[in-house]
Amino acid sequence: MIGLISATAAGAAARDRLAAAWPGRTRVYDGPVGDAVRAAFVECEQLVCFLATGAVVRLLAPLLADKVSDPGVVCVDEGGRFAVSLVGGHGGGANGLAREVGGVLGAEPVVTTATDSVGLPGLDTLGLAVEGAVAAVSRALLDGEPVALETEVPWPLPPLPTAPEGAYTIRLTDRDVVAGEREVLLRPPSLVVGVGASRGAPADEVLRLVEAALRDAGLCARSVAELATVDAKAGEPGIVAAAERLGVPLVTHTAEVLAGVEVPNPSDAPLAAVGTPSVAEAAALVRGGELLVPKRKSAASPAMATCAVVRRPGRGRLAVVGLGPGARDLLTPRAEAELRRASVLVGLDQYVDQIRDLLRPGTRILESGLGAEEERARTAVAQARAGHAVALIGSGDAGVYAMASPALAEARDDIDVIGVPGVTAALAAGAVLGAPLGHDHVSISLSDLHTPWEVIERRVRAAAEADLVVTFYNPRSRGRDWQLPKALAILAGHREPATPVGVVRNASRPDESSRLTTLDALDATTVDMMTVVTVGNTATREIAGRMVTPRGYRWQEAAE
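From a predicted model like this one, the values you see are computed outputs, not experimental measurements. (Residues numbered from 1 in each chain as written. Predicted model: local features only at pLDDT ≥ 70, side-chain atom pairs only at ≥ 80, totals over all residues. Heavy atoms only, no water.)

*Asks:* Talk me through the overall build of the protein; I want residue IDs and the actual numbers.
*Replies:* The secondary structure content of the protein amounts to 19 helices and 28 strands. Taken along the three principal axes of its C-alpha coordinates, the protein extends 90 × 65 × 55 Å. When each of the 560 residues of the protein is scored for burial, the buried share is 48%. Residue pairs in contact within the protein that sit at least 24 positions apart in sequence constitute 63% of those at least 6 positions apart. Surface exposure of the protein reaches about 25,800 Å², of which carbon and sulfur atoms provide 52%. (Helix = DSSP H or I, 4+ residues; strand = E, 2+ residues; numbered from the N terminus. Buried < 20%, exposed > 50% of the residue type's maximum accessible area, 1.4 Å probe, protein only. Contact = heavy atoms within 4.5 Å. Areas by Shrake-Rupley, 256 points an atom, 1.4 Å probe, with all protein chains shown as cover.)

Have a look at this one:
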């Protein structure tokens, strides 16, 4: 929950805008400002104070404990010009919150955390448990001193300016080791603990068993990703409580699934009790990995719990990112976050140029020219399979005539794939024209490089007969100059000559141009590959110079 505190009418107005933008996420604190800040500090994970930074500093000073447990605090000035990350930039998420607040209020986010200021990811913001000399190693990275990266467990990380050797070290490990004086330990969530238990097994017995298994194997409890068991034990109090005390989720699998997992130590007892010859080992191994601790029993007599520990390899991460139509303010925050998270970027050279300034230092860029879509898709998937965090970029929405389809055709279930939507050219052009997509509509690419013209023509005819608004992508190039006139002729067989047609070139970009014409007046020679052509349906009208398709025909009849 985010606590919102203000003292003036202007502050309250900005506060209310934020509350309206984030329903269910914020809580407004009224009354004396001091009391409000103190209450919100205890009750909320983050605070946004529409107050002077000096006043907030004085109010917070007696409350501060440490950067791990303190909430993140952002200050917004009276004029709403700046959103200042004041306390808890990393640990409390104030840096990210300042950017979010700035996005809603139009304020400039002010972040003074050293790593964020120069585009380096903070070692405590990587989504991994971290321990050791965080400040010293971060300072070495900032000063350009050589910092070595030792990866005992492969894991996808954002770009870090590391060297093969150095006086400082970042060590990625799930081993139970102590950080050196100039070392940071990153703990990947690489361990899965499979657990079986008799009915009524005490939580302490389950927890002691798990802790002993990890300790004896030299493994760190902070790298445990989950406890896993059979569905029949999903509500077993001892297992549930052990997962809660370890701070990890409890994941369950059906007996049928677990029975299909090959294990070194099957047993007749669980087969008779829950329908699978193995619970602990099978639940740990069900998604693959290396068995580090075979099934072991608890020390109690009789033993009421068993466990096994598996190390799962880090899965590569492929984010397929839509960049939108080109304008920076139409690039979504999620897309920007994925670009900054990626250690490898794959994309068309001209798209890379659009967002090069958003990449973190050290990001490896693999770019290529037009016509190499399949090659880029294969490259991105291969990089993800090698264990990297990869961003594959495309214009508009990556799933619309862009890179998602070829990438997912190459990808298998051995990597994580994240789709990041973007504003499509059709939507950007529609916003310029008015509301041409107000009712059912379809997008059709007129490029026959990948699709036979016979198929394209059949789809155009179907759209014409169905009275759908049609947006044409890739309408015309120097080598393809007859497809658009042919498609328009097909539509003309089902629509009036005066049907509105919108033509938008370079939607949302500095050289954007648009015009509204009609089906019989459109000059196809003025259209190129940078243009989107939107043809209305029989209900589409020009209203006050804008192209409008009513939401329903009844609405149109009433208007007439």
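That was the structure; now back to the text.
*Asks:* How would you sum up helix 4 (residues 94–105)? Please name residues and give values.
*Replies:* Each α-helix turn comprises 3.6 residues. Residues three or four places apart therefore point the same way. The terminal C-alpha atoms of helix 4 lie 16 Å apart, and with twelve residues this matches the ideal 16 Å at 1.5 Å per residue to within 8%. Turning to helix 4, its buried residues are Ala94, Asn95, Leu97, Ala98, Val101, Gly102 and Leu105. The buried residues of helix 4 all sit within an arc of 160° when viewed along its axis, so they share a single face. Residue glycine 106 follows helix 4 closely and has a positive phi angle near 75°. (Expected span 1.5 Å × (residues − 1). Arc of directions from axis to C-beta.)

*Asks:* Any details on the sheet that holds strand 24 (residues 500–505)? Residues and values, ideally.
*Replies:* Strand order in the open sheet formed by five strands is 22-23-26-24-25, and the pairing between neighbours is mixed. Lying at the two open borders of the sheet, with one neighbouring strand each, are strand 22 (441–445) and strand 25 (513–518). Strand-to-strand twist of the sheet, defined as the mean angle between neighbouring strand axes without regard to direction, takes the value 20°. Of the pairings in the sheet, the one linking strand 23 (residues 469–473) to strand 26 (residues 531–535) comprises three bridges and is antiparallel in character. Residue pairing for strand 26: threonine 471 is matched across the bridge by threonine 534. Sitting on the sheet, helix 16 (residues 425–433) is in contact with strand 22, strand 23, strand 24, strand 25 and strand 26, with an inclination near 115° to strand 24. Relative to strand 23, helix 18 (residues 483–492) is tilted by about 175°, and along the sheet it contacts strand 23 and strand 26. (Pairing = 2+ DSSP bridges. Axes fitted to C-alpha atoms, helices over the stretch in contact; angles between N-to-C directions.)

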